[in-house]
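Overview (structure and organization)
As a plain string of letters, each chain reads:
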Amino acid sequence: MARPVLSTYRLQMRGDCCTFDDAVNLLDYFDDLGVSHLYLSPILTAAEGSTHGYDVTDPTTVSAALGGPDGLQRLSEAARRRDIGLIVDIVPNHLGVGHPEQNPWWWDLLRYGRASMYAGYFDIDWDLDDGRIVLPVLGSDDDVADLVVDGELLRLGDMSFPIAPGTGTGTGSQVHDRQHYRLTGWRRGICGYRRFFSITSLAALRQEDRAVFDATHVEVKRWFDERLVDGLRVDHPDGLSDPVGYLGRLRELVGPDGWIVVEKILAADESLDAALPVNGTTGYDALREIGGLFIAPSGRAELTAVSGRQPPEAERTLKAAAVTDTLASELARLCRVISAVTATHDRQVPAAVAAVISRIGVYRCDYPALATILPLALYETACTAPEFTDSLAIISAALSTSTEVVSRFNQLCGAATAKAIEDCLFYRDARLVPLNEVGGAPELFGVTPAEFHQRAATRVHAWPSTMTTLSTHDTKRGEDVRARIGLLSQVPATWSDSVSRWTARTDPPDQSTALFLWQNIFGVWPADGNVTAELRTRLHGYAQKAIREAGVRTSWHDPVPAFEDDAHGWLDRVFDGPVAAELTELVGRLDAHARSDSLGQKLIQLTVPGVPDVYQGTESAEDSLVDPDNRRPVDYSVLRAALRRGDDPKLRVTATALRLRRARPETFLSGAYTPLLAAGAAAGHLVSYLRGTDVVVAVSRWTVGLAETGWADTVLPLPDGRWLDLLSGRKWTGAVPAAELFAASPVCLLDRADA
């Protein structure tokens, strides 16, 4: 019987700083913190030097850099002695092929082509180039002339490729012409295999083939056979041909008690399909709901006036462009399949496919619960673009008769959403950037208590053991940074005046870039104004990524050095000029409120229905931005000392809540969720609920205005009984005045003292 998963603590495993043995040495800290399970980033053998593990090169072995199978066993056994379990992140969608010589399956495929025993493992487009695998890895097609033969290898710079037996005589280009692969320039937009989104160094696997599933899960199966781990986090199942079928096979492998959560990005109006044999998602839905509680709707109009909004059609335009440009290779393959299935050739089908996908607001729409989405998208496309009427009929016919068309259409849909929205639009929309998060909905300005309570009540019945989170290795800003920026919704006039003044004094490269970056700068600006060399470097790195992802004036594919230099110069003027003092003053004025919101969202995340994950280091205040910034090593000596002292407010809230979950497992695993409503003039500043019958959570919000008005006559009627606040040590009964309840802390965690 697997240990019940009460909470998880995410570790970014790295060979240079976080190995299995490093984790063993931290188990006493995690035990003291109250963690029930460690949640490990991918641990299978990945590309040499990988700092994240999602570029697995050998799925049959545990990474030697992390400590190999013996290190995993040592960690599992040591954790078990403390009654701590393990959850492992797995990557079924793709393998890393950026260095072919490091991936034995890919190497064999390139060497032997269709004769390789692994020819069916990868999703290869065998019809693209007369059976040759097109590899878009060159700067240009002309680079083929520079290939050299080196024994049984073809080399170009630091790249090497295998030579098929008996084909190695002649010049490099002559030998290349005889291989089972063809090297091409990456700018041509042609790729001979399905990729992870548009990343050519990650080649997709055909998990729909049972042989491929068995081969890629042999090590995963061993973990469960030997009871080394208790559950799995599944990376990007929407990229698979048949995610429902895959998850069914995975459930068979891990057994009925294994905990499975999926990286499923849900739209605000989308539910996880109840038929899936999983415990839930990785928590981005909860992240939006919890963070949204602290966004003040009163700031909507002025923040919109300051930064504007991307026009309503921007999302559709960007998605259509992603399909036709960034994902042109995948689109072409889909259209060839549509043509073959319907025995037609319609030149407008590619544009029609892009138009339909642009109107689908979910990652993929072929889950049974989402059956109405595609017909509506087809209808809306026909209404707005009647010239596609015949093409849409062809597409519909193909989707109705071919499972391959269905899967490739939906794989393309998910990739387009990721590339157009999360990796582009979210770097352009500057109204309030905490809303621009994975799984976020920037068009929805925050979350009301009514919505929040309704979603929590639904979750406790439908997905009680789903994951909840506030920070991950993929969040675009850490939870504390989002909390501070979210304060701007409470002081929109102050922010408007400040941004206008600062922009005029610093001469930014353009208005939109400045409007987006100002909020992020504010989010990480130190309260004491001491901008260290490290922070300066981190912000420059973030700005570079942000402006390239936005793709307006520069991009990853076509960087514009002059514009990027202007952006970096502007940042330096902010750091070194008079605006820095004003930033420090504003941050200092609002810092206490930011910390209040940080504690509030943390306590809610740790106590609402679901299993809370604490991303490494976020048990204490931290200032991470997007990856790779949020994957930096954590100094656990500092955290360990702070936990012993008990003087770190966020760490104390985290430990108190996690320890309470461990003490009252049934309350949090299966206990009811009951909203508690405050009464009085400031009732809107208080969010509270009862878990089971013995835990009450109460947090304050929108504290900037509250500091001016006070709680006045606001009271929180507690359920019957005597209640001990585990954070302040005070005891309460009956209707408690909010001013007294929150006198010592902006958050309260009440345990029933007479239970």
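Residues numbered from 1 in each chain as written. Predicted model: local features only at pLDDT ≥ 70, side-chain atom pairs only at ≥ 80, totals over all residues. Heavy atoms only, no water.

What follows deals with helix α25 (residues 649–663). The first and last C-alpha atoms of α25 sit 21 Å apart over 15 residues, in line with the 21 Å expected at 1.5 Å per residue. Those residues of α25 not exposed but buried are K650, L651, V653, T654, A655, T656, A657, L658, L660 and R661. Between the side-chain oxygen of the N-cap and the backbone nitrogen of K650 there are 3.1 Å, and the N-cap of α25 in question is D648. (Helix = DSSP H or I, 4+ residues; strand = E, 2+ residues; numbered from the N terminus. Expected span 1.5 Å × (residues − 1). Buried < 20%, exposed > 50% of the residue type's maximum accessible area, 1.4 Å probe, protein only. Polar contact = N/O pair within 3.5 Å; in protein donor to acceptor, adjacent residues only side chain to side chain.)

Enumeration according to the criterion identifies 21 aromatic pairs in this entry. Between the aromatic rings of F196 and F197, the centroid separation amounts to 4.2 Å while the plane-to-plane angle is 25°, which identifies the pairing as stacked. Note on F197: relative accessible area 14%, which makes it buried. Among the aromatic residues, those joined into a cluster by ring pairs are W495, W502, W518, F522 and W570. Here the basic side chain of R10 rests over the ring of Y39, its NZ or CZ set 4.6 Å away from the ring centre. In this arrangement the basic side chain of R701 is found over the ring face of W702, its NZ or CZ atom lying 3.7 Å from the centre. (Phe/Tyr/Trp six-rings, centres within 6.5 Å; stacked < 30°, edge-to-face > 60°. Lys NZ or Arg CZ within 6 Å of the ring centre and 35° of its normal.)

This next bit is on helix α7 (residues 218–225). Buried residues of α7: E219, V220, R222, W223 and F224, and no others. In the core, the buried residues of α7 are packed alongside β3 (44–46), β4 (56–62), α3 (68–81), β5 (85–90), β14 (231–234) and α8 (243–254). In the stretch just after α7, R227 is the one whose phi turns positive, near 55°. (Contact = heavy atoms within 4.5 Å.)

Before going further, it helps to examine unusual backbone geometry. The omega torsion of the bond from D627 to P628 falls at 5°, within 30 degrees of zero and hence cis. Tracing the backbone through its elements, the reader meets P628 in the loop between β18 (611–615) and α24 (636–645). At R227, a residue that is not glycine, the phi angle is positive and equals roughly 55°. Tracing the backbone shows R227 in the loop between α7 and β14. Overall, R227 belongs to the exposed group, its relative accessible area being 60%. The backbone phi angle of D507 is positive, close to 50°, even though this residue is not glycine.

Moving on, we come to the UniProt feature "domain: Glycosyl hydrolase family 13 catalytic" (unreviewed entry) in the chain. Residues annotated by UniProt as "domain: Glycosyl hydrolase family 13 catalytic" (unreviewed entry) correspond here to residues 6–661. Taken end to end, residues 6–661 comprises 46% helix and 11% strand; its first and last C-alpha atoms sit 7 Å apart. (UniProt positions renumbered as here; feature names shortened; annotations may be inferred.)

Within the largest apolar cluster, 168 residues are counted, with the highest numbers of intra-cluster contacts made by L11, F30, L38, W106, F122, W223 and V353. For this core, the leading source of residues is helix α16 (residues 403–422), giving 9 residues. Residues within four places of L38 in sequence aside, it is in contact with Y9, L11, L27, F30, L75, I84, G85, L86 and I87. Core analysis: the second largest hydrophobic core is formed by 47 residues, V433, V491, A514 and L586 among them. (Core = buried A, V, L, I, M, F, W, Y, C linked by side-chain atoms within 4.5 Å.)

For the rest of this paragraph, the subject is the sheet that holds β5. Taken together, the 8 strands give an open sheet; going across it, the order is β16-β15-β14-β5-β2-β1-β18-β17, and neighbouring strands pair in parallel fashion. Of all the strands in the sheet, just β16 (280–281) and β17 (467–468) have a single pairing partner and so form its edges. The sheet contact formed by strand β1 (residues 8–11) and strand β2 (residues 37–40) spans 4 bridges and is parallel. Bridge pairing links T8 to H37 in β2. Along the sheet, helix α23 (residues 579–607) contacts β17 and β18; its crossing angle with β18, the most-contacted strand, is approximately 135°. (Pairing = 2+ DSSP bridges. Axes fitted to C-alpha atoms, helices over the stretch in contact; angles between N-to-C directions.)

For H217, the position within the fold is in the loop between α6 (210–216) and α7. Here the side chain of H217 touches F213 through a polar contact of 2.8 Å, landing on its backbone oxygen.

To continue, consider the packing of helix α21 (residues 533–550) against helix α22 (residues 561–576). As a packed pair, α21 and α22 sit with axes 10 Å apart at the nearest point and diverge in direction by 145°. The hand of the α21/α22 crossing is right-handed. Within the contact between the two elements, α21 uses R536, L539, H540, A543, Q544, I547 and R548 and α22 uses F563, E564, A567, H568, L571, D572, F575 and D576. Tallied by class, residues from the contact of α21 with α22 come to 7 nonpolar, 3 polar and 5 charged. (Left-handed = near helix turned anticlockwise from the far one by under 90°. Nonpolar A, V, L, I, M, F, W, Y, C, P; charged D, E, K, R; others polar.)

Let's shift gears to the sheet that holds strand β6 (residues 94–96). Strand order in this open sheet of 3 strands is β6-β13-β12, and the pairing throughout is antiparallel. Pairing within the sheet leaves two strands with one partner each, and these edge strands are β6 and β12 (195–196). Across 3 bridges, the pairing between β6 and strand β13 (residues 199–204) is antiparallel. What sits directly across from L95, in β13, is A203.

It is worth spelling out the side chain of D123 at this point. Here D123 shows up in the loop between α4 (104–112) and β7 (133–138). Side chain to side chain, D123 and R194 meet in a polar contact 2.8 Å long. Looking at D123, its side chain comes within polar contact range of the side chain of R333, at 3.0 Å.

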